[in-house]
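Chain by chain, the residues:
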Amino acid sequence: MADTLPDPHPAVEAVAAPTGASTPPVSSALAYLLLTHMWTRAAWQYRGSLIILTTAQALSTCLDLVAMLVIYSQVSTLGGFTLPETLYLYGTTRVAFAISDVVASGAEMLSEAIRTGTFDVMLIRPVGTLPQVLAEQFTPKRFGKLVPSTAALVWACLHIPIAWTPAKVAVCLSTIVCGAVIYCALWVLTNSISFFATDMREPANIFTYGGELITEYPFAIFDRPLALTLTFAIPLAFVTWQPSLYVLGKADPFGLPGFLRFSAPVVALLMSLLAAAAWRTAVRHYRSTGS
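This is a predicted model, so every value here is computed, not measured. (Residues numbered from 1 in each chain as written. Predicted model: local features only at pLDDT ≥ 70, side-chain atom pairs only at ≥ 80, totals over all residues. Heavy atoms only, no water.)

Student: Quick rundown of the overall build of the protein chain? Include the residues and the values.
Tutor: Assigned secondary structure in the protein chain consists of 13 helices and zero strands. Its helices and strands in sequence order give the protein chain the pattern α-α-α-α-α-α-α-α-α-α-α-α-α, from N to C terminus. The buried share of the protein chain, taken over its 291 residues, is 49%. Contacts in the protein chain between residues at least 24 apart in sequence constitute 80% of all its contacts with a sequence separation of at least 6. If you sum the accessible surface of the protein chain, you get close to 13500 Å²; carbon and sulfur atoms cover 70% of it. Within the protein chain, the 16 negative side-chain charges are centred at a point lying 6 Å from the centre of the 16 positive side-chain charges. (Helix = DSSP H or I, 4+ residues; strand = E, 2+ residues; numbered from the N terminus. Buried < 20%, exposed > 50% of the residue type's maximum accessible area, 1.4 Å probe, protein only. Contact = heavy atoms within 4.5 Å. Areas by Shrake-Rupley, 256 points an atom, 1.4 Å probe, with all protein chains shown as cover. Lys, Arg positive; Asp, Glu negative; His and termini not counted. Charge placed at Lys NZ, Arg CZ, Asp CG, Glu CD.)

Rendered as structure tokens:
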């Protein structure tokens, strides 16, 4: 979740605010890096607090891992998946989500920015609105989530009884990258609704944080209608489930075509285009709060 940090906006204004009518616009990537750097400098002023919060993030991420270990203390397989195989699913989706949480969870603050009128300030800067929103309330403590997630993934990769080929290594790495892109697209897409409806932060979290939770386990434990919904309506199956079937050498329990196991890059691209289109449409129809 986004947190309140010492306000670095004076420094932001020095870089992002227009100094005259001829001030050229700043590229989105550069603007994002500058803004996150400023938020990081602000957070680093309170080093002790930052270290404690980062550690807390790492420990809180372990809670779901502990729950999974408790389940496997009572059963040997879950939906036909052993503990290392399920930890592979857990690790890939957790690492992907942690990356998206670092990069794009500032979108959570959009609803508040619109309500308080601060989004209007973003509109007059020579910087795209999306990088400003994504960088809002950036905090390095979110990197803490990567530690237990990466550890679980490494352990799983070492204990899965499969032969690692270059193709499987490539699919494993692309699973993380594509999963992070899909999650980032979900952050933007779901929070764009805030332009048309107030207080949409929690409903949007159903798809982001809820999506992370549901993809930690094999889809084989779900009913077929739910699994198909998570494949073709809300494409969370492409975060880790479908590509992991190839890496783990598993058959699809729902009998879906084999090419879906390699479709994560296409889905990530389509989700990114959809999120970008939704953002542009929402900003175009924004009429300010009147405050």
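Student: Quick one: what's the story with the nonpolar core, residue by residue and with numbers?
Tutor: Within the largest apolar cluster, 70 residues are counted, with the highest numbers of intra-cluster contacts made by Y88, F119 and F195. By residue number, the principal contributor to this core is helix α9 (residues 166-191), which donates twelve residues. Beyond its immediate stretch of four places on either side in the chain, F119 contacts L110, A113, I114, T129, V133, F195, W279, V283 and Y286. (Core = buried A, V, L, I, M, F, W, Y, C linked by side-chain atoms within 4.5 Å.)

Student: Requested: an account of the packing of helix α4 (residues 83-104) against helix α8 (residues 146-159), with residues and values cited.
Tutor: Here α4 crosses α8 at 145 degrees, and the two axes come no closer than 8 Å. Note on packing geometry: the crossing formed by α4 with α8 is left-handed. Across from P84, L87, Y88, Y90, G91, T92, R94, V95, A98 and I99 in α4, the residues of α8 making contact are L146, S149, T150, A152, L153, W155, A156, C157 and H159. A per-class count over the contact of α4 with α8 returns 13 nonpolar, five polar and one charged. (Axes fitted to C-alpha atoms, helices over the stretch in contact; angles between N-to-C directions. Left-handed = near helix turned anticlockwise from the far one by under 90°. Nonpolar A, V, L, I, M, F, W, Y, C, P; charged D, E, K, R; others polar.)

Student: Tell me about the packing of aromatic side chains, and please be specific about residues and values.
Tutor: The description of two aromatic rings rests on the distance between their centres and on the angle between their planes. Applying the stated criterion across every chain, the model contains 13 aromatic pairs. Centre to centre, the rings of F97 and Y183 are 5.1 Å apart; their planes meet at 90 degrees, and the pair counts as edge-to-face. Note that F97 is positioned in helix α4 and Y183 in helix α9, a separation of 86 residues in sequence. A residue is classified by how much of its surface remains accessible, and Y183, at 0% relative accessible area, is buried. Put simply, the rings of F81, F219, F222 and W241 pair up and form one aromatic cluster. The cationic tip of K250 hangs over the ring face of F81; the distance from NZ or CZ to the ring centre is 4.9 Å. (Phe/Tyr/Trp six-rings, centres within 6.5 Å; stacked < 30°, edge-to-face > 60°. Lys NZ or Arg CZ within 6 Å of the ring centre and 35° of its normal.)

Student: Give a detailed account of the state of the cysteines, specifying residues and quantitative values.
Tutor: Evaluation of the coordinates by the stated rule reveals zero disulfides. Summary of cysteine pairing: C172 is not part of a disulfide, and the nearest cysteine sulfur, belonging to C157, is at 4.7 Å. (Disulfide = S-S within 2.5 Å.)

Student: Run through unusual backbone geometry, naming residues and quoting values.
Tutor: A positive phi is found at Q137, a non-glycine position, where the angle reads about 55 degrees. As for its placement among the helices and strands, Q137 is situated in the loop between α7 (129-135) and α8. For Q137, a relative accessible area of 10% translates into the label buried.

Student: Please provide a residue-by-residue account of the environment of A156, values included.
Tutor: Examined against the element boundaries, A156 turns out to sit in helix α8. For the pair A156 and P84, spaced 72 residues apart in sequence, the C-alpha separation works out to 4.7 Å. Setting aside anything within four residues of it in sequence, one finds A156 in contact with P84, L87 and Y88.

Student: Account for the environment of F232, naming residues and giving values.
Tutor: Relative to the helices and strands, F232 resides in helix α11 (residues 224-233). If we skip the residues at most four places from it in the chain, F232 touches L256 and L260.

Student: If you had to explain the pattern of salt bridges to someone new, which residues and values would you point to?
Tutor: Taken as a whole and assessed by the stated rule, the structure comprises six salt bridges. A salt bridge links D64 to R94, with the nearest nitrogen and oxygen atoms 2.1 Å apart. Here R94 lies in helix α4 and D64 lies in helix α3 (residues 47-72), a separation of 30 residues in the sequence. A residue is classified by how much of its surface remains accessible, and D64, at 27% relative accessible area, is partly exposed. (Salt bridge = Lys/Arg side-chain N within 4 Å of Asp/Glu carboxyl O.)

Student: How would you sum up a nonpolar patch on the surface? Please name residues and give values.
Tutor: A contiguous nonpolar surface patch, about 390 Å² in accessible area, is contributed by V266, L269, L270 and L273. Position of L273 among the secondary structure elements: in helix α13 (residues 264-284). (Patch = residues over 30% accessible without salt bridge, like charges linked within 9 Å, V, L, I, M, F, W, Y side chains within 5 Å.)

Student: Lay out the confidence of the model for the protein chain in plain terms, naming residues and giving numbers.
Tutor: Mean pLDDT for the protein chain: 88, with 90% of residues reaching 70 or above. Within the protein chain, no element has a lower average pLDDT than helix α1 (residues 9-16), which sits at 41, and none a higher one than helix α12 (residues 241-248), at 97. Contacts from residues 1-22, a stretch scored under 50 in pLDDT, to residues over four places away or in other chains number 44 contacts. (pLDDT = per-residue confidence, 0-100.)

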